[in-house]
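Structure at a glance
In case you want the letters, here they are:
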Amino acid sequence: MAKRKKEFDYNKLTPQELMRFEVAQELGLDDKIVSGGWGALSARESGRIGGIIASRNRKKRAAQSPKENGNARLL
């Protein structure tokens, strides 16, 4: 049984998917995602998106005050 292709709806994205899509737009991959979905991306493209998101999350955590962070160390 073949999978049916879902239409891409920007308005129904979760906050995590929205951030992922914004990073993909910065990398110029938005047309590829809209036409073929997330599965149309190569492993390298997906990994690059994930790496950028992880980096941003680390920076966001580091920007918090040390009291809120506890004894978290920066990588």
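Before reading further, recall that the structure is shown in the block above.
What counts and how
Residues numbered from 1 in each chain as written. Predicted model: local features only at pLDDT ≥ 70, side-chain atom pairs only at ≥ 80, totals over all residues. Heavy atoms only, no water. Salt bridge = Lys/Arg side-chain N within 4 Å of Asp/Glu carboxyl O. Helix = DSSP H or I, 4+ residues; strand = E, 2+ residues; numbered from the N terminus. Buried < 20%, exposed > 50% of the residue type's maximum accessible area, 1.4 Å probe, protein only. Phe/Tyr/Trp six-rings, centres within 6.5 Å; stacked < 30°, edge-to-face > 60°. Lys NZ or Arg CZ within 6 Å of the ring centre and 35° of its normal.

1. So, the pattern of salt bridges
A complete count under the given rule lists two salt bridges for this structure. Between E26 and R56 there is a salt bridge, with the nearest N and O atoms lying 2.6 Å from each other. Taken as a pair, E26 in helix α1 (residues 15-26) and R56 in helix α3 (residues 43-63) lie far apart in primary sequence, 30 residues in all. Given the relative accessible area of 54%, E26 is considered exposed.

2. Focus: the packing of aromatic side chains
All told, the structure shown has one aromatic pair when counted by the stated rule. The interplanar angle of 90 degrees and the centroid separation of 6.4 Å between the aromatic rings of F21 and W38 together place this pair among those described as edge-to-face. Highlighted residues: F21 in helix α1 and W38 in the loop between α2 (30-36) and α3, separated in sequence by 17 residues. A cation over an aromatic ring shows up here: R20 above the ring of W38, its NZ or CZ 3.9 Å from the ring centre.

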